[in-house]
Amino acid sequence: MNLKLPPILWLFCLLVCIGHGCNNPPKSNVKEDELIKLPTVQRQSEEGGFSLDYVTGKFEPSEHKDFTVIERKYCSRDGMYLRKEAYEAFKRMHHAAKIDGVDLTIISDTRNFKRQKAIWENKWNGVTLVESGQNLSKTVSDPIERALIILKYSSMPGSSRHHWGTDIDINNWENRYFQSGQGLIEYEWLINNAAEFGFCQPYTQKDENRPNGYNEEKWHWSYMPLAKQLTEFASKNFKNSILSGFDGGQTAEEIDILNNYILGISQSCYHNSKE
Ligand SMILES: [Zn+2]
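All values reported here derive from a predicted model rather than from experimental measurement. (Residues numbered from 1 in each chain as written. Predicted model: local features only at pLDDT ≥ 70, side-chain atom pairs only at ≥ 80, totals over all residues.)

## Side note on the overall build of the chain
Thinking step 1. A count of helical and extended segments in the chain gives 13 helices and 6 strands.
Thinking step 2. Long-range contacts, defined as pairs at least 24 residues apart, comprise 70% of the intrachain contacts of the chain with a sequence gap of at least 6. (Helix = DSSP H or I, 4+ residues; strand = E, 2+ residues; numbered from the N terminus. Contact = placed C-beta atoms within 7 Å.)

## Notes on unusual backbone geometry
Thinking step 1. One non-glycine residue, E131, lies in positive phi territory at about 50°.
Thinking step 2. Here E131 is to be found in the loop between α6 (113-124) and α7 (136-139).
Thinking step 3. Here the phi dihedral of N171 falls at roughly 70°; this positive angle occurs in a residue that is not glycine.
Thinking step 4. Summarising the element assignment, N171 is placed in the loop between β4 (167-170) and α9 (181-193).

## Some words on the pairing of β4
Thinking step 1. Two elements, strand β3 (residues 106-108) and β4, share 2 bridges in a ladder whose sense is antiparallel. Across the sheet, I106 pairs through a bridge with I170, a residue of β4.
Thinking step 2. Summarising the sheet, β4 and strand β6 (residues 220-223) pair through 3 bridges and their orientation is antiparallel. If you follow I168 over to β6, its bridge partner there is W221. (Pairing = 2+ DSSP bridges.)

## Things to note about the environment of E196
Thinking step 1. On the secondary structure map, E196 appears in the loop between α9 and β5 (199-200).
Thinking step 2. The spatial distance from the C-alpha of E196 to the C-alpha of M93 is 8.4 Å, given a sequence separation of 103 residues.

## As for the sheet that holds β6
Thinking step 1. Pairing is antiparallel across the open sheet formed by 4 strands, whose spatial order is β3-β4-β6-β5. With partners counted over all chains shown, the strands left at the sheet margins are β3 and β5, one partner each.

## Observations regarding the confidence of the model for the chain
Thinking step 1. Averaged over all residues, the pLDDT of the chain is 86; the fraction at 70 or higher stands at 81%.
Thinking step 2. Residue range residues 11-45 is modelled with pLDDT below 50. Its contacts to residues more than four positions away, or to other chains, number 13 contacts. (pLDDT = per-residue confidence, 0-100.)

## Structural notes on helix α5 (residues 84-99)
Thinking step 1. Given a rise of 1.5 Å per residue, 16 residues ought to cover 22 Å, and the 23 Å separating the end C-alpha atoms of α5 matches this to within 8%.
Thinking step 2. Within the sequence span of α5, burial applies to A86, Y87, A89, F90 and M93. Along the long axis of α5, the arc covered by the buried residues comes to 160°, so they all point the same way. Among the exposed residues of α5, those oriented more than 90 degrees off its buried face are H95, K98 and I99.
Thinking step 3. Looking at the buried side of α5, the elements it contacts are β1 (67-69), β2 (81-83), β4, β5, β6 and α10 (224-237).
Thinking step 4. Phi for G101, located one or two positions after α5, is positive at around 80°. (Expected span 1.5 Å × (residues − 1). Buried ≥ 20, exposed ≤ 12 C-beta atoms within 10 Å, placed from the backbone. Arc of directions from axis to C-beta.)

## Points about α6
Thinking step 1. Compared with the 16 Å implied by 1.5 Å per residue over 12 residues, the 16 Å span of α6 between its first and last C-alpha is a close match.
Thinking step 2. Burial in α6 covers these residues: Q116, K117, W120, K123 and W124. Buried residues of α6 fall within an arc of 135° about the axis and therefore sit on the same side.
Thinking step 3. In this structure, the buried residues of α6 make contact with α7 and α8 (143-150).
Thinking step 4. Trailing α6 by a residue or two, G126 shows a phi angle of about 85°, which is positive.

## Looking at the environment of K123
Thinking step 1. Positionally, K123 belongs in helix α6.
Thinking step 2. The spatial distance from the C-alpha of K123 to the C-alpha of I149 is 9.6 Å, given a sequence separation of 26 residues.
Thinking step 3. Discounting residues that sit within four places of it in the chain, K123 has contacts with T128, V130, L136, I150 and S154.

Listed below in structure tokens is the structure:
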């Protein structure tokens, strides 16, 4: 049926729609910009459906509509969360691995700002010992130097890929584990098959192709179809200056967390993920 309304009727429908807080304005006839005048900052920060609050982990995964709880058989404890798309892809990968005799267990899931702040500050203040039992608050007084040691394996709160719900740690937090025996079989399976399900290892060995960023993490896998978009969002909207609200945050700008860490991932992730 071809309904042709006179322009005056369209305007009437439009006014009724706005008056009722309609979520789906007739896009084909009226430009979005003419309908809703949002402040510039809000429009920029919500580009692609993402917001800076989300990208920097300022939310509760259990209350976020795009997240879901992970079934216990896929993970190492109760109450783990992931983005729904990443979880569905992981389940498919888990199933395929199982057929090949490989068990994949998620040992770390979404971590919001609050959780990452606790991890970071415990290392910063010497509650958690690092580098073979060092209390950094006693052994390293220079803030930049102290931050760089923690950054070998831990993100500053607000800059972790674990905030996004697209990234998981699998099976074990030691590279050594993946170098022989069962660990090597698991790692080789992931290297050969993970891309088929959209997963990629972002923190590969550091070399001329990946000179900056965290050390190698054979356990950390990223669901690229979504993480790729989030990385792009971060590269456009994230500023080092927004990293604050935790001990040591003043070092973020000098270290350039955005370029050296958030964007310091393996370039092969951009070419290999097939989903
Ligand atoms: Zn990780």
